[in-house]
Amino acid sequence: MKSTRRNKAPETGALGRTASTHSIRSNPQDEAPGLGGTDDWLPPKVLLKPPGQLQLTEPELNEEITRILNANNPHAPQNIARFSHKEQVFKANTNVEHLVVHFEFDGYLIYQGVEDVVPAATTTEGTEDAAAGGGEANGENEGAAGAPPPDTAEVVEEEKKQKGVVKNVFNFSERASQTVNNPYRERSTNTEPPPQKIFSDTVNQWSIFDAYMEDQQQKERAKEKPKPAAPAGLKGHKDEDRQNILPAEAHGEEVYYKNPELRKALTIIERMANQNTFDDVAQDFKYWEDASDELSKSGTLLPLWRFLCEKDKRKQVTALCWNPALSDLFAVGYGSYEFSKQGPGMIACFTLKNPSNPEYLYVTESGVMCLDFHPQHPSMIAVGLYDGSVLVYDISKKSDGPIFKSSSRAGKHTDPVWQVCWQKDDLDDNANFFSVSSDGRVTQWTLLKNELNHTDVIKLRYDMDPLYASQEPSGGGPGPEDGKLFGLAGGCCFDFHKKLDHLFVVGTEEGRIHKCSKDYNSQYLLSFEGHQMSVYTVRYNKFNCNIFLSASADWTVKLWDHDQAKPLMSFDLNSSVGDIAWAPYSSTVFAAATSDGKVFVFDLNENKNLPVCEQAVVRKAKLTHIAFNPFEPILAVGDDKGSVVSLKLSPNLRKKPRGGDEDEVGKLERVLGLGKVDK
C-alpha cells in the first residue's frame, strides 16, 4: 500500500459561509488587500511553530515520500534458532509468528430457561427434515416429478414425533491451553567391549562316544545312591513328580564360591544393589551435620544402618569389635547371657557397604561370649565361648572351622570366658592372647605350630578384708583354710596397660577391681573398692595410660587412677551399665550403654557431671555392647534382640585435638586435677 503527498487544492475566488476556519486561515491570499470581508470578526491568524522544528525548503516540502505498510510485528524476534535432528546442528528459523492476540475468549453459554434452544446437531437434523418436507411439498405442487412413496412419508412423520426439543441441562465452557514442548536431547557414551575368548576343538566319533558313556555312568551312580527315608506320616511322591537330578547339574553355592573372580563380581554387584537401596542412609553417613550444635554444647546421635543376622534372630549380641585395619568391617558375637537359653553360637562379620548380609559367618558349638581382632594380623579373631573354650579363626582362609581350639586336656576354662585380648608377640614371634573366666583364672594362650599352649598368669581369690593385702607381708590374701572355703573369685573383665604390657586390671563378680602383673602370680598389686555389684567392663585410656574406667551393674561408671584405691569420679546412669568405651580421638570423651536402651556420651572437658548426649536408640531392648569406629565418627551398639545399630556422632561429640596427643594428655590431667580438688 502506497501513500503520496496530496497536491494543493485549486484556488477559488471567494469563500462561502460554509468554509471552515481552517480553510480561511490557510488561504490568506484569496482576499484582496485593503478590502474588508464578511469574516472580519475572526481573530488575526498567528502561525505557531514548535521551538525545535526543522526548517525545510520548498522542494523538500514538495518531495514525495513512499511508505509501505505491512502486517509484520516489529517486536517479533528475528534470531530464533532450532535444533535440527536431521542435520544435528542448530539452524535459524525464518518463519516467525507475527500474529499478536490481545484478547480472546470463547464461551458457550446457553440459557436454561429458553425451551426453543436446540443443539447444533438437532438443528441440522431439523433442517434436513425441513428440506425433506419442502421437497415433498414441491413434489405435490409440481405433480410431474412424482410424489414419494407413502411409506417413506409416514416414517418421516414418526421420527418427527419421537424427536423432541433437547434442553440444555448445564452450562458448558470449553477451555484449553498449550504447553511448551521441551527440546529433545540425545546422549551417548562409549563403553569398553566385553573380553572375548576363542575356543576351538575337534569332535569325532570316539569323543562323542566317551561323553555318552560318562553320562551313562553318572546316571548309574545316581541310582545307586541310597535315598533319604521319608517321615512315617508322609506318603511317597508319585512317579510323575520325581525328578532325577544329576550331581553334575546340581549347582549349589559351592560351585560359585570355588571361582574367586565370580565370587568377587557377585560381591560387588550385591554391594551396589545395597548402596542403591540404602542411598539416603549413605548420604547421611557422608554429609550429615547437625546444625543445632552451633547453638549449644550438647550433641546428638543419628541412626544409620541396622545390622541383623537372619539365621539366628533369637540370640543376643554378646560381643562387638571393629577391625583395626578396615574402617567398614566389624565382628559380632551371638550367644546368650541366660543359663536356660544356651545353645550354638555364631560369629558374623558385617561391613558398612552391605548391611543386608554378613560377609563372613561362623557357627560355634556353644554361645559366643567375647571376641577380639589381632592388631597386627587383622584377619585373625580370638573367640571365647560359654563352655569355657577359646577359638582362633582366620577369615582369610576358606575353612569354616577354627584354626586353633582349646580342649579339656589343654587347660580349657571350666566356666564361661568373658573376655579375650590380644597382646604383642612373644620373643619367639608367636602370637598370644589372654582370657579371663568365672573360674578365677587369667590365662595366656600361645599359638604354636600345631597346638594352642596355655599358661595361667594369675588365679583370682576372695579378699576377706580390704586391708588384708597391705597387712600381709607375703602378698596378701586369705589363709589356706579360708582359700579352700571360699575358692576363687570370678573374673568378669580385664584390660592391659597401653605402655606397660605386664600390668593389667581385672574386674570381678563381687564388685572389686584388682591391679595385677604378669611377674607376680600370687598377689595383687592393688585392690580398688567402689562398686557394689559385678564389674562388667574396665577400659584404660589411650592417651593417659594411668587412667581407666569401670562399668558395673550397680548403675555407676567410675573413673580411676591405677595408683589410688578410691575412684576419682563417679557417674550414676540410673540403670545397669552393660559396656563403656573411650573415644579414639579424645582423652576426655567416652560412651556408655545401659540396660534401658540409652546411650550416654560424656565429654569431661565440657561437663564433668552431666553427659553431653543422652539418647534412647532402641525400644524394649537392653543394650549389651558399644564400640567406637577407630577411623570414622561411627558408634556401633548391640542389644539383647540380636541387632546392631550404627550411630553417627554430631560435630560436638567428635571434636579432634589441634595440637596432637600431648595436648590430650594435658587436657585430661587438667580435668582430673579439678576433680581431685573438688573431692
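One can find the structure itself at the top, above this paragraph.
Within each chain, residues carry numbers counting from 1 in the order of the written sequence. With the structure being a predicted model, the display of local features is reserved for residues of pLDDT at least 70 and the display and counting of side-chain atom pairs for 80 or more, all residues being used for whole-chain, interface and lining totals. Side-chain numbers here rest on the full set of heavy atoms in the structure, without hydrogens or water.

1. Digging into the environment of Ala-565
Each helix corresponds to a stretch of at least 4 residues labelled H or I by DSSP, and each strand to a stretch of at least 2 residues labelled E; elements are numbered beginning at the N terminus. Along the chain, the position of Ala-565 falls in the loop between β22 (556-561) and β23 (569-572). The spatial distance from the C-alpha of Ala-565 to the C-alpha of Ile-513 is 9.4 Å, given a sequence separation of 52 residues. The contact criterion used is simple: two residues touch if any of their non-hydrogen atoms lie within 4.5 Å. Each residue touching Ala-565, except ones within four places of it in the same chain, is listed here: Leu-526, Ser-527, Phe-528, Glu-529 and Trp-560.

2. Topic: the pattern of salt bridges
Salt bridges, as used here, are contacts in which a Lys or Arg side-chain nitrogen is within 4 Å of a carboxyl oxygen on Asp or Glu. All chains considered together, the criterion is met by 13 salt bridges. In this structure, the salt-bridge partner of Asp-501 is Lys-424, at a minimum N-O distance of 4.0 Å. Taken together, the residues Asp-501 in the loop between β16 (491-496) and β17 (503-508) and Lys-424 in the loop between β12 (417-423) and β13 (432-437) connect sequence positions 77 residues apart. Think of it in three bands: residues with accessible area under 20% of the maximum for their type are buried, residues over 50% are exposed, and the middle band is partly exposed, with areas taken using a 1.4 Å probe on protein chains only. Judged by relative accessible area, which is 26%, Asp-501 ranks as partly exposed. Beyond isolated ion pairs, a larger network of salt bridges with shared partners links Asp-439, Arg-441 and Asp-456.

3. Description of the packing of aromatic side chains
Pairing of aromatic rings covers Phe, Tyr and Trp, the last counted by its six-membered ring, and requires centre-to-centre distances within 6.5 Å; plane angles under 30 degrees mean stacked, over 60 mean edge-to-face, and any other angle means tilted. Scanning all chains against the criterion turns up 21 aromatic pairs. For the pair Tyr-362 and Tyr-393, a centre-to-centre distance of 4.9 Å together with 40 degrees between the ring planes defines the contact as tilted. Of this pair, Tyr-362 sits in strand β7 (residues 360-364) while Tyr-393 sits in strand β10 (residues 390-394), and the two are 31 residues apart along the sequence. An identical accessibility class is assigned to Tyr-362 and Tyr-393; each is buried. Ring centres of Phe-571 and Phe-602 lie 4.9 Å apart, and the angle between their planes is 50 degrees; this geometry places the pair in the tilted category. Here Phe-571, found in strand β23, pairs with Phe-602, found in strand β26 (residues 598-603); they are 31 residues apart in sequence, far enough to count as distant. With respect to burial, Phe-571 and Phe-602 carry one shared label: buried. Among the aromatic side chains, those forming a connected cluster through ring pairs are Phe-307, Trp-322, Phe-330 and Phe-350.

4. Overview of the sheet that holds strand β20 (residues 535-540)
On the basis of which strands lie adjacent, the open sheet formed by 4 strands has the order β20-β21-β22-β23 and antiparallel pairing. Only two strands of the sheet have a single neighbouring strand rather than two, namely β20 and β23. Geometrically, the sheet is characterised by an average inter-axis angle of 15 degrees between neighbouring strands, direction not taken into account. Pairing between two strands is assigned when DSSP locates at least 2 bridges connecting them. Examined bridge by bridge, β22 and β23 share 4 bridges and lie antiparallel to one another. Among the inter-strand pairings, Thr-556 is bridged to a residue of β23, identified as Asp-572. What counts as an axis is a line fitted to C-alpha atoms, over the stretch in contact for a helix, and the angles between N-to-C directions run from 0 to 180 degrees.

5. Focus: the sheet that holds strand β3 (residues 301-308)
Here we have 4 strands laid out as an open sheet, ordered β3-β30-β29-β28, and antiparallel in their pairing. Looking at strand neighbours, the two that pair on one side only are β3 and β28 (623-628), the edges of this open sheet. Going across the sheet, the axis of each strand differs from the next one's by a mean of 25 degrees, ignoring polarity. By the bridge criterion, 5 bridges tie β28 to strand β29 (residues 634-639) in an arrangement that is antiparallel. Among the inter-strand pairings, Leu-623 is bridged to a residue of β29, identified as Asp-639. The strands touched by helix α8 (residues 279-287) are β3, β29 and β30 (643-649); relative to β3, the strand with the most contacts, the crossing angle is about 135 degrees.

6. Looking at a nonpolar patch on the surface
Nonpolar side chains (Val, Leu, Ile, Met, Phe, Trp, Tyr) are joined into patches within 5 Å and like charges within 9 Å, using only residues with over 30% relative accessible area and no salt bridge. Here the Shrake-Rupley method, with its probe set to 1.4 Å, supplies the accessible areas, and only the displayed protein chains count as covering residues. A cluster of nonpolar residues, Leu-54, Leu-56 and Leu-61, forms a patch on the protein surface that exposes about 290 Å² of accessible area. Within the fold, Leu-61 resides in helix α2 (residues 58-62). Judged by relative accessible area, Leu-61 falls into the partly exposed class, the value being 33%.

7. Some words on the side chain of Asp-640
Mapped onto the elements, Asp-640 comes out in the loop between β29 and β30. The residues contacting Asp-640, other than those within four sequence positions of it, are Lys-315, Gln-316, Ala-621, Lys-622 and Thr-624.

8. Things to note about the nonpolar core
Most often, soluble globular proteins have nonpolar side chains that are buried together. Counting 23 residues, the largest nonpolar core has Val-599, Val-601, Ile-626, Phe-628, Leu-635 and Leu-647 as the members making the most contacts within it. Elements with a contribution of two residues or more to this core: β25 (589-594), β26, β28, β29 and β30. Setting aside residues no more than four positions away along its own chain, Leu-635 makes contact with Ala-591, Val-599, Ile-626, Ala-627, Phe-628, Val-645, Ser-646, Leu-647 and Leu-649. Only buried Ala, Val, Leu, Ile, Met, Phe, Trp, Tyr and Cys residues count toward a nonpolar core, and they belong to the same one when joined by side-chain atoms within 4.5 Å.

9. Notes on the pairing of β20
Across 5 bridges, β20 lies against strand β21 (residues 547-552) in antiparallel orientation. Within β21, the position partnered with Tyr-540 by the bridge is Phe-548. Hairpin connection between β20 and β21: a loop of 6 residues separates the two successive antiparallel strands.

10. Remarks on the state of the cysteines
Any cysteine sulfur atom paired with another within 2.5 Å is treated as part of a disulfide. Taken as a whole and assessed by the stated rule, the structure comprises 0 disulfides. For the unlinked cysteine Cys-321, the closest cysteine sulfur is that of Cys-421, found at 9.4 Å. Overall, the relative accessible area of 13% leaves Cys-321 in the buried class.

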